[in-house]
Every structure is written in C-alpha cells, then in structure tokens.
Amino acid sequence: MENLNNQPNRLDQQGKGRRDFLTKTSLLAAGGIALTGISSCGLQKGEDDDVTTNEDLMREHGVLKRILLIYDEASSRLITGKDLNLALVGQSANLIKSFVEDYHEKLEEDHLFPRFEKAGQLTDLTKVLRIQHKKGRLLTLRIIENTKKPNPTADERKLMAQDMQAFVRMYSPHEAREDTVLFPALHKLISKHEYDSLGEDFEKKEKEQFGGDGFDMAVDKVTQIEKGMNIYDLNLFTPNI
C-alpha cells in the first residue's frame, strides 16, 4: 500500500512537471509565432518591393504627368508675361528626353509594340503611338534649343509656349490610352512567365541605363523642378470652393 505521507511530494513533482511542460510549450509556440511573423514580414516586404511590368510603366507615366503640369504652368507664364526661369523648362525637357523618350518609350517601341503588331492586335493604336513618339521628340528638341538661348525673342518665347502646349495636348491622351487600353491588354497577349520576364528585363535595362533606380532619380529631379517653380505644394491645386 502506498505511503500517504509521500503523496504530496509526488503531486508537487507532477505539478512542477506540468508547469515546466507548459512553460516550454509556450516558449516554443511564441518562438514559432515570432519566426512566422518575421518570415511573413519579410515576405510581405518582398512582395511590396516587387513592381509588375504594367505598374513599372504606369508609374513612369506618373513622372511624365508631373512634367506635363510643369509645361502647362511654364507655358501659361510665358503667355501672360510672368517671371519664369527658363533653365527649369530646359531641365524638364531634358528629363523628358532622358527618362521618357530614350528609356520609357524605347522599351515600348522595342518590347511592347512589336508584340501587339506580330499578333495583329491593337495595330492601329501602336501606329499612332509610334507617330506621336516621333512628334514628341521633335517638340522636345525645339524646347531644349530655345531654352539654351540667353535672351529669347518674344516670338521664340511664344513658340516655346506653343510647343509645350502641343506636347501636353498630345501626351495627356497618349499616356491615358496606353494605361487603359494597351497595358491591360498585355496580360492577355503574353503568358505570365513572359510577362514576369519582361519586368525583369525592364529592371535590368533601367539599372544599366541610369546606374541605379531611374524612377527614383526621375522623381527626385522633377520634385526639384517643381520646388524651383513654386508648384510643389499639392494644396495649390485645391479649388477654393
């Protein structure tokens, strides 16, 4: 028969064993949750950093939209005779040339348009887009040349304003049509694997051409120009109603 005097010691030992087990289990569970959380955060961060092909193209259009706003403001000042630092217009045009024309549009012309044309899809649209790219480059060159002149005449300032207005008028619908028609159709035109590979090719080309993140560089540059023209504050465009 078991000695009843020893029973409390056994109960204490059993209780201590259960407590140790629960403590270790809790620590392991907590550790597992922490590791899972770290892993999830890392995965989420990686996902956030990934930029799809269309997102990459459309955020580059965002840079273009901000330059169109600069052109719109600059042309208005030229027409009304308000003070305007033409060097800022020249910087905007050079950013159009380096980031939009020599990079973004080159990607479209080399990698997007040919795919649609080979498949016989949206060929009327790509034809117009190609023509507009050429017209845009002519306008950009004229704007750059006129901003280099130390004392442009009234006629040259008028031509510069007209060129910027023509550029804005053409590229506002141009990029809108690409964003809402051409880029979404790319998903249906090519496989997911080809779509992902295209994004990787774009990223590689961007780093080769700009020595880093060309988009971030372009955003920094356009921000400096906006601040130089005192149009960076978004509140300036809120209607007073």
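Residues numbered from 1 in each chain as written. Predicted model: local features only at pLDDT ≥ 70, side-chain atom pairs only at ≥ 80, totals over all residues. Heavy atoms only, no water.

Some details on the overall build of the protein chain
Helix and strand counts for the protein chain stand at seven helices and zero strands. Counting from the amino terminus, the protein chain carries its helices and strands in the arrangement α-α-α-α-α-α-α. Residues counted as buried form 35% of the 241 residues belonging to the protein chain. A sequence separation of at least 24 residues applies to 78% of the contacts in the protein chain between residues at least 6 apart. Taken as a whole, the protein chain presents about 15000 Å² of accessible surface, with 55% of it coming from carbon and sulfur. (Helix = DSSP H or I, 4+ residues; strand = E, 2+ residues; numbered from the N terminus. Buried < 20%, exposed > 50% of the residue type's maximum accessible area, 1.4 Å probe, protein only. Contact = heavy atoms within 4.5 Å. Areas by Shrake-Rupley, 256 points an atom, 1.4 Å probe, with all protein chains shown as cover.)

Details of the confidence of the model for the protein chain
Across the protein chain, the average pLDDT comes to 85, with 79% of residues at or above 70. Note that pLDDT drops below 50 for residues 1-8; the model gives that stretch one contact with residues more than four away or on any other chain. Segment residues 21-25: pLDDT under 50, and zero contacts once partners within four positions in sequence are set aside and those in other chains are kept. (pLDDT = per-residue confidence, 0-100.)

Looking at the packing of aromatic side chains
Taken as a whole and judged by the stated rule, the model has five aromatic pairs. With centroids separated by 4.4 Å and ring planes inclined at 25°, the aromatic side chains of Phe167 and Tyr171 adopt a geometry described as stacked. In this pair, Phe167 and Tyr171 are both assigned in helix α5 (residues 154-189), four residues apart and thus about one turn of the helix distant. This pair shows no difference in class: Phe167 is buried, exactly as Tyr171 is. (Phe/Tyr/Trp six-rings, centres within 6.5 Å; stacked < 30°, edge-to-face > 60°.)

Looking at a nonpolar patch on the surface
On the surface, a nonpolar cluster with roughly 400 Å² of combined accessible area is contributed by Leu69, Leu234, Leu236 and Phe237. Note on placement: Leu69 falls in helix α2 (residues 53-80). Exposure remark for Leu69: the relative accessible area of 30% places this residue in the partly exposed category. (Patch = residues over 30% accessible without salt bridge, like charges linked within 9 Å, V, L, I, M, F, W, Y side chains within 5 Å. Salt bridge = Lys/Arg side-chain N within 4 Å of Asp/Glu carboxyl O.)

Overview of the nonpolar core
Ranked by internal contacts, the top residues of the largest apolar core, which has 50 residues, are Tyr71, Val89, Leu112, Met164, Phe167, Leu182 and Met229. Counting residues per element, the ones that place at least two in this core are α2, α3 (86-119), α4 (123-148), α5, α6 (192-210) and α7 (214-228). Broken down by element, this core gets its largest block of residues, 13 residues, from α3. In this structure Met164 touches Tyr71, Ala74, Ser75, Leu78, Val89 and Ile143, once residues within four positions along its chain are discounted. (Core = buried A, V, L, I, M, F, W, Y, C linked by side-chain atoms within 4.5 Å.)

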